[in-house]
Amino acid sequence: DPDRKTEVVLLACGSFNPITNMHLRLFELAKDYFHETGKYKVIKGIISPVGDAYKKKGLISANHRVTMAKLATKNSDWVEVDDWESSQSEWLETLKVLRYHHQKLLPPDATNSLEDAVPLTKLGQKRKREPNRHKPIKKRNQSPDIKSVPQVKLLCGSDMLESFGIPNLWKLEDITEIVEKHGLVCISRAGNNVQKFIYESDLLWRHKNNIHLVEEWITNDISSTKIRRALRRGQSIRYLVPDGVRAYIEKNNLYGPESEDRNAGVVLAPLQKYASDSKN
């Protein structure tokens, strides 16, 4: 059925330190964009906060960040929080998180039946014994079925896309697999030059059909950094983060001068990892 829509799961990885209304808006903007194309159906959004091993300056503990994200999405009927990434003891590449969520969406027998679908000769004997055996195989060969596995796309802001250009922050082959096999949805402020960034990268240009650029016309300049700054200065953050998040921050007194100094002088996990890789 050519009219069948491709199902999409949106995955946002990041610090969410703390989660803000802007993070939640990214999901809404992306969903509107995909539905307006008429080709996609967004079935789920996943927020995956980074683990503590990422070692970013000012990063408070993952359990606080996960709890705040859960409070923020409590009223959403389609965006959920996943703590698999944040519960790992080591920092995980974003690609591994994408792969994990892709894997989770595969039907449990997908790998087996796909393997079975190839050596048809071996199945000859079995097929005589089990008359129904060929039915699913036939269906696979007509393969609109492949389409039925939802695509997991990485949802990000323009700053994340542009961070692809920072030496040793990303592995080239990781970026390649992300844009080739999964896809990127990048929300950028109107006038922000993400197009130019893609144009100037041969790798991104080659896969530009798998990079969805979504313009944010109702600009929203809230960032976690600015939220933390306001909190350090005792200023209100109301209407910038969901109320539940604001209450949780106040109750647990989460962001102050001390928390901002966490991991000060520590090298970010990917930079540590890839800089040592490139020396070896």
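Starting from 1, residues in each chain are numbered consecutively following that chain's sequence as written. Local features are withheld for residues below a pLDDT of 70 in this predicted model, meaning they are given only at 70 or higher, and side-chain atom pairs are given and counted only at 80 or more; totals for whole chains, interfaces and linings count all residues. Each side-chain value is derived from all of the structure's non-hydrogen atoms; neither hydrogens nor water enter the calculation.

The test is simple: UniProt positions are given in the numbering used here, feature names are shortened, and annotations may be inferred rather than shown by experiment.
Going by an unreviewed UniProt entry, the chain carries the name Nicotinamide-nucleotide adenylyltransferase and comes from Furnarius figulus. UniProt lists a comment for the chain under the heading Subunit (unreviewed entry), and it reads "Homohexamer. Interacts with ADPRT/PARP1." In UniProt, the chain has this text filed under Subcellular location (unreviewed entry): "Nucleus".

Structural notes on the overall build of the chain
Our working rule: In DSSP terms, a helix is any run of H or I states spanning at least four residues, a strand is any run of E spanning at least two, and both are numbered starting from the N terminus. Only protein chains enter the area calculation, which uses a 1.4 Å probe; residues under 20% of their type maximum are buried, those over 50% are exposed, and those in between are partly exposed. We call two residues in contact whenever any of their non-hydrogen atoms come within 4.5 Å of each other. All accessible areas in this document rest on Shrake-Rupley with a 1.4 Å probe, and a residue is counted as covered only by the protein chains that are shown.
Per the secondary structure count, the chain includes 14 helices and 6 strands. The proportion of buried residues among the 280 residues of the chain is 44%. Within the chain, counting contacts between residues at least 6 apart in sequence, those at least 24 apart form 78% of the total. Of the roughly 15600 Å² of accessible surface on the chain, 50% is carried by carbon and sulfur atoms.

Things to note about the sheet that holds strand E4 (residues 151–157)
For clarity, the cut-off: Criterion used throughout: strands pair if DSSP finds at least two bridges between them. Axis lines are fitted to C-alpha atoms, over the contacting stretch for helices. Their N-to-C directions set the angle, which ranges from 0 to 180 degrees.
Taken together, the 6 strands give an open sheet; going across it, the order is E3-E2-E1-E4-E5-E6, and neighbouring strands pair in parallel fashion. The sheet is open, and its two edges are formed by strand E3 (79–81) and strand E6 (211–216), each paired on a single side. Taking each pair of neighbouring strands and ignoring which way they run, the sheet shows an average axis angle of 25 degrees. Pairing geometry for strand E1 (residues 6–14) and strand E2 (residues 40–49), over 9 bridges, is parallel. Each residue of the ladder has a partner; that of Leu-11, found in E2, is Ile-46. Sheet strands touched by helix H1 (residues 21–37): E1, E2, E3, E4, strand E5 (184–189) and E6. Its angle to E2, the strand with the most contacts, is close to 160 degrees.

Observations regarding the side chain of Asp-174
Put simply, the rule is: None of His or the chain ends enter the tally, which takes Lys and Arg as positive and Asp and Glu as negative. Every case where a carboxyl oxygen of Asp or Glu lies within 4 Å of a side-chain nitrogen of Lys or Arg is listed as a salt bridge.
Mapped onto the secondary structure, Asp-174 falls in helix H8 (residues 172–182). No salt bridge forms around the buried Asp-174; measuring N to O, its nearest opposite-charge neighbour Lys-171 is 4.3 Å away. Not counting residues within four places of it along the chain, the set of residues in contact with Asp-174 comprises Glu-93, Leu-95 and Tyr-274.

Looking at the packing of helix H3 (residues 94–105) against H8
Threshold: Any angle that is under 35 degrees is reported as roughly parallel, and any over 145 degrees as roughly antiparallel; angles of 65 to 115 degrees are reported as roughly perpendicular and all others as oblique. Crossings are sorted by hand: turned counterclockwise from the far helix by less than a right angle, the near helix makes the crossing left-handed, and turned clockwise it makes it right-handed. Lys, Arg, Asp and Glu make up the charged group, whereas Ala, Val, Leu, Ile, Met, Phe, Trp, Tyr, Cys and Pro make up the nonpolar group; the residues left over, Gly among them, are polar.
It is at 10 Å that the axes of H3 and H8 come closest, and there the two elements cross at 30 degrees. When the axes of H3 and H8 are compared, the pair comes out roughly parallel. In the packing of H3 onto H8, the handedness of the crossing is left-handed. Only Asp-174, Glu-177, Ile-178 and His-182 of H8 make contact with H3, whose side of the interface consists of Leu-95, Leu-98, Arg-99 and His-102. Taken together, the residues that form the contact of H3 with H8 break down as 3 nonpolar, 2 polar and 3 charged.

Structural notes on the packing of aromatic side chains
Operational definition: Paired rings are identified among Phe, Tyr and Trp, the last through its six-membered ring, by centres lying within 6.5 Å, and are further divided according to the angle between planes into stacked (under 30 degrees), edge-to-face (over 60) and tilted (the rest). In our convention, an over-ring charge means Lys NZ or Arg CZ found within 6 Å of a ring centre and within 35 degrees of that ring's normal.
Considering all chains together, one arrives at 8 aromatic pairs under this definition. Look at Tyr-33 and Phe-34: their rings are 5.1 Å apart centre to centre, the planes differ by 70 degrees, and that puts the pair in the edge-to-face class. Look at Tyr-33 and you get partly exposed, because its relative accessible area is 24%. These aromatic residues form a ring-pair network of at least three members: Tyr-33, Phe-34 and Tyr-40. A cation sits over an aromatic face here: Lys-208 above Trp-205, 4.0 Å from the ring centre.

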